[in-house]
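Descriptive structure summary
Read off the chains here:
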Amino acid sequence: MRAYERTGVLSPTDLVLPTKQQLEKGVAILECVQEIPCNPCVDACPVHAISMKDINAPPVNDYEKCTGCAKCVGVCPGLAIFVVKQQGTKALITLPYEFLPVPSPGDVVQALDRVGAARQQATVKKVVKRGKTMVITVEVDAAVAMDIRNIRV
Amino acid sequence: MRIQSHPILDFQQRKKLAFSFNAQPLVGEQGDTIASALHAAGITTLTHSVRYDSPRGFFCGIGKCSSCLMRVNGIPNVRTCIAPLHEGIRVETQGTYAGLPDAEFQTHSKTTIRVDVLVVGAGPAGLCAAVEAASQGATVLLVDENPSVGGQLIKQTHKFFGSKKERAGTRGIHIATELEGELRGLEQQGHVRVMTEATVIGCYERRAEHHRFGVVQREQYTSYLYDVQCRAAIIACGAMENMVLFPGNDLPGVYGAGAVQTLMNVYGVKPGNRVLMVGAGNVGLIVSYQLLQAGIAVDRVVEAAPIIGGYHVHAAKLRRCGVPIHTSHSIKEVLGDDKVQGAVVVALDEHWRPKPGSEERITCDTICLAVGLTPSTRLLAQIGAHQSFIPEAGGTVAVHDQHMQTSIKGVYVAGDASGIEEASTAMIEGKIAGLAAAVSLGRTKNQKLLSQYHRDLEQLRAGPFGEKPRIAKTKITQLAEVPHARV
C-alpha cells in the first residue's frame, strides 16, 4: 500500500521531479499517479508534451518539451496539475482554484500545502478564468515551491 | 438557509411562493420542491417513525426512501422531496397512519400511448437510451418521476473524467443540459415524447414485442393514468443510497451524501453548517469538496476501509483544503435527541472491529452517508426479469446480455439499475440498450456502431478502478447465457 492511498497526500517520491533547469524554465507537475480513465490533459497540451500509453495510464509530462503554458491546469478534471517556475529565491506556482472569493493580482493570500496548512503568505500574480475554474499564479519562496498547492483568500 | 454565492452555480432570485406548513405560513421559491422549501425555512423533521414516533427527515432526496411522505392539500403520502412547490399549497405532517384523503377526486379515463420503445428513467443512461433509439428511427416515450430530466447529473458540479467522446472535462450539470438539448430536438421532430413527474406503476401485460405498462402522471395534485403499449422497454431507474447501522441513523440531519448534493446544488439550500462525511469513495470525496464550495464546513471524512476508495485526485483536493480523511475509522453513534448535534467516531482494527477507548466526540449538525448504492430493480422484478445477487454490482440485479437485454425479450436495463458504476459508463450502456432495441425492432442495422460502443465501454473499464464492474458484468453476462427455468 502506498501512503497516499491512506492519507490522500502525495510525497515527492510519488512524482517524477523536474531538474533545476527545467524548473527555471517552468513546467507542469502532473499530480495524477493512479490509473484512472481520463485524458483531457493530453488533448489540451499545445506542444504534445503530455502523453499516455492508453486512457487508463497515468499521464507523463516530457519536461523538455513542456513550456509551462498552464493550458492543462484549467482543463484537468481532477484539478491535479500545477505549474512550477523557479526564479532565483522565488517561485511562481500556477494552480486551479474553484472557491469564492476570487483574488485579484496584487492581493496577498495564504499559501497552503498538500494538507491545507498555511505555510506562508503569497502574492497573486495572475488570474485566468477557464470556465468556472480559476487558474491562479502566486509567488512564494523557492524553498516551498514543491509544497504549495492551494491558497486561502 | 439559502446559498447566497457559489463558485460554480448561479442561484438567481426566483419568484417567491407562499404556502403553509401545519397551518404556519411559509415562503419558498419557484423551482423548489416542498422538502427543499421546508429545509430553507429550517424545517427538517418531515415525518415520524411509525414504530418509535421519533422524528425523521428525508434520507435520499430523490424520491426513493419514503422518509419525506407528507400530506399535501389533503392528499397523504406525497413524496415531498420530488414534489414541486406550488403557490398556496397546504403541507402537513402525517400521523402514524397517513389517513384517507379528504381531497376531491376527479375521474379521468385512461389514455393509450403506443410507441416502439418505453424508456423508464431520464438519468444519464435513460437519456442516452432515448436519444439513441429515437435517432435510429424508433418512436420513444421517456418517463421520469422527477420534475426535470437529467437524473443525478443535474447536481454534479464537477468536471467528468473519461475521453472527449464521453465529454471529459465537462461538468455533469452541463452534460445534462447538452443531453436534454438533443432530447428536445428529437421531441420537436416528433420522435420522442417526454413525461416528467410520472411514475411507471407496473407492467400489466407482456408478449413478444408487446408490453403494456401503467404510467401515472401528476399535474400539480391531479393524476392521469396512461396505458403505454410498447414493443421494447429500457429500464434505467438508477440506484438508491445505502444506509449503515448505528444508533441515531434516522435522526433529521443524517442524509445520504447524494441527498445533500441535491439539496445544495439543485435547490441552493444548505443542509447545515458542519458536516461529518462517512465514506471516502468518490461520492464521499466529491460531495465533501462540493460542501466546501457551498460554504459549509466538513469536520472530517471517516472511512472504514484501510484505504481511500475514491480517486486520489479527489482526496488530494479535499486534503489541501485542510479536511482530514481518517481511514480505518467509522461512526459509532449520533449525538442529539431530535436533531443531529454531534457524533462519536471510532477507530477500527484490522478486522474492522471498533477499538475500545478510541472513541472521539465531534460537533456537527449534519452527517452524510456515502457508503455505496444499491440498484433499483423493483420494476424489473415485477416484470419478471431473472435476477441474481452480484456483490460487485452492488446487490441484486437483472441478469442481462452484453446488449443489455434481460431474460425477457425486448426488456433492457442500463446504468446503475444494471449494476453500480459511473455516469460515463451509464451513458454508454444507455446508448447500447437504445441501439440494440432499435436494431431488434428492425429500425436500423447499425452493428458497427454497436461494436464501437462496446469497445468504448471496455476501454473505460480497463483500469484498476474498473475491476469491480468488470467482474460484475462478466458474472452477469455469463448468467445470461445459462437458460433459466421460467415460472
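Keep in mind it's a predicted model, so treat the numbers as computed, not measured.

Residue and element names in this part refer to chain B. Taken together, five strands build an open sheet; the order of strands is 2-1-7-5-6 and the sheet is mixed. Two strands bound the open sheet, and with one partner strand each, they are strand 2 (24-29) and strand 6 (75-79). Strand-to-strand twist across the sheet, computed as the mean angle between neighbouring axes with direction ignored, equals 40°. Both strand 1 (residues 16-21) and strand 2 contribute to a ladder of six bridges, which runs antiparallel. Pairing of Ser20 across the sheet is with Pro25, part of strand 2.

Attention now goes to the domain arrangement of chain B. Residue and element names in this part refer to chain B. In terms of domains, chain B is made up of domain 1 (16-104), domain 2 (111-239 + 375-481) and domain 3 (254-373). Centre-to-centre separation of domain 2 and domain 3, based on C-alpha positions: 31 Å. Contacts between the two partners involve 14 residues from domain 2, matched on the other side by 15 residues from domain 3. Buried surface at the junction of domain 2 and domain 3, summed over both partners, amounts to about 1100 Å²; 59% is from carbon and sulfur atoms. The largest per-residue losses of area from domain 2 upon contact with domain 3 belong to Lys155, Phe161 and Phe465, which jointly make up 47% of the total buried on that side. Our count for the domain 2 to domain 3 interface comes out at zero salt bridges. In this structure, the connection of domain 2 to domain 3 is made through six residue pairs in polar contact (both at pLDDT 80 or more). For the side of domain 2 that touches domain 3, the class distribution of residues is six nonpolar, five polar and three charged.

Looking now at the nonpolar core. Among the nonpolar cores identified, the biggest contains 99 residues, and Val138(A), Leu38(B), Phe58(B) and Leu291(B) are the most heavily contacted of them. For this core, the domains that each give at least three residues are domain 1 (16-104) and domain 3 (254-373) of chain B. Excluding residues that lie within four positions of it along the chain, Val138(A) makes contacts with Ala91(A), Leu92(A), Ile93(A), Val109(A), Ala122(A), Thr123(A), Val124(A), Lys125(A) and Ile151(A). In terms of nonpolar packing, the next biggest core, distinct from the first, is built from 44 residues, Ala133(B), Leu142(B), Ile175(B) and Val194(B) among them.

In the structure shown here, the tally under the stated rule is five aromatic pairs over all chains. Pairing Phe99(A) with Tyr289(B) gives two aromatic rings, centres 5.4 Å apart and planes at 75°, and the pair type is edge-to-face. Of this pair, Phe99(A) sits in the loop between strand 5 (90-97) and strand 6 (108-112) while Tyr289(B) sits in helix 5 (residues 282-293), on two different chains. This pair shows no difference in class: Phe99(A) is buried, exactly as Tyr289(B) is. By way of ring pairs, the aromatic residues Tyr97(A), Phe99(A) and Tyr289(B) are connected into one cluster. Above the plane of the ring of Phe82(A) lies Arg149(A), whose end atom (NZ or CZ) is 5.1 Å from the centre. The ring of Tyr289(B) has Lys317(B) lying over it, and the distance from NZ or CZ to the ring centre is 4.5 Å.

Conventions we followed
- Residues numbered from 1 in each chain as written.
- Chains lettered and ligands numbered in written order.
- Predicted model: local features only at pLDDT ≥ 70, side-chain atom pairs only at ≥ 80, totals over all residues.
- Heavy atoms only, no water.
- Pairing = 2+ DSSP bridges.
- Helix = DSSP H or I, 4+ residues; strand = E, 2+ residues; numbered from the N terminus.
- Axes fitted to C-alpha atoms, helices over the stretch in contact; angles between N-to-C directions.
- Domains from an automatic or database assignment.
- Contact = heavy atoms within 4.5 Å.
- Buried area = accessible area lost by both parts, 1.4 Å probe.
- Salt bridge = Lys/Arg side-chain N within 4 Å of Asp/Glu carboxyl O.
- Polar contact = N/O pair within 3.5 Å; in protein donor to acceptor, adjacent residues only side chain to side chain.
- Nonpolar A, V, L, I, M, F, W, Y, C, P; charged D, E, K, R; others polar.
- Core = buried A, V, L, I, M, F, W, Y, C linked by side-chain atoms within 4.5 Å.
- Buried < 20%, exposed > 50% of the residue type's maximum accessible area, 1.4 Å probe, protein only.
- Phe/Tyr/Trp six-rings, centres within 6.5 Å; stacked < 30°, edge-to-face > 60°.
- Lys NZ or Arg CZ within 6 Å of the ring centre and 35° of its normal.

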